[in-house]
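Secondary and tertiary structure notes
Read off the chains here:
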Amino acid sequence: MAVESITFYKLIILYTLSKVDSPLPPGIITDYITSQGYTDYFTMQNAFGELLQTDLIEEDTTYHLSYYTITEAGKETLELFGAPLSNEMRNEIDEYLTSKKYEIINETSFISDYHRTEAGTYLATCTLREGTQVLFHVELDVTTEADAIKVCENWREGSEAIYQVAMQQLLR
């Protein structure tokens, strides 16, 4: 790749985020760029940081992972300055996203986080999403941080069964 500019990597990030319906963890984008040999992990972290500082992307952070979305300013920037991304590059990114479809769904559908409450307990928040639509959301107040972490870690495995039981019980 002839272009060795952080601007180019920022355009790749913006384009990738513009092509998905849900917030993406940085690993999916970084994996694409580093696996293609375009640049390294540290350059990508700089690119994400600069995009955040200029409000071209937004970050949503949980206790263990960050998720990024493109802002309206990011979409406008991509539209105005996206020419260095060739059609071939865009198609390559589109193909990568298609090949990672199930991984993206898995990474973005089961969101969990926790925080300490004023009462000294921990509130674990678990969300089941389809794209940007919230299908199911539950908050559990637990006594210890270890329990909150356990709730968050078990959410991915248990969410569908919990959702089904809730729907059956509430819609009878």
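Residues numbered from 1 in each chain as written. Predicted model: local features only at pLDDT ≥ 70, side-chain atom pairs only at ≥ 80, totals over all residues. Heavy atoms only, no water.

Below, the discussion takes up the confidence of the model for the protein. On average, the protein scores 90 in pLDDT, and the residues at 70 or more come to 98%. Averaged over each element, pLDDT in the protein is lowest for helix α6 (residues 101–109) (84) and highest for helix α4 (residues 72–81) (95). (pLDDT = per-residue confidence, 0-100. Helix = DSSP H or I, 4+ residues; strand = E, 2+ residues; numbered from the N terminus.)

Right, let's talk about the layout of surface pockets for a bit. Considering only enclosed or pocket space, the largest pocket measures out at about 240 Å³ in volume. Lining of the largest pocket is provided by 13 residues; of these, V20, D21, S22, I104 and I105 occupy positions nearest its centre. By residue number, the principal contributor to the lining of the largest pocket is α6, which donates 5 residues. Here the residues of the lining of the largest pocket sort into 4 nonpolar, 4 polar and 5 charged. (1 Å grid on protein atoms, 1.4 Å probe; cavity = no way out; pocket = protein on both sides within 12 Å on 5 of 7 lines; lining within 4 Å. Points joined across faces, edges and corners; volume = space filled by probe spheres on them. Nonpolar A, V, L, I, M, F, W, Y, C, P; charged D, E, K, R; others polar.)

Quick look at the sheet that holds strand β3 (residues 110–116) now. Spatially, 3 strands are ordered β3-β4-β5 in an open sheet, and the strand pairing comes out antiparallel. Two strands bound the open sheet, and with one partner strand each, they are β3 and β5 (133–142). Within this sheet the neighbouring strands show an average axis-to-axis angle of 15 degrees, counted without direction. Running at roughly 25 degrees to β3, α6 makes contact with β3 and β4 (122–130) of the sheet. Here helix α7 (residues 145–170) sits on the sheet and contacts β3, β4 and β5; the angle it forms with β3, its principal contact strand, is near 140 degrees. (Pairing = 2+ DSSP bridges. Axes fitted to C-alpha atoms, helices over the stretch in contact; angles between N-to-C directions. Contact = heavy atoms within 4.5 Å.)

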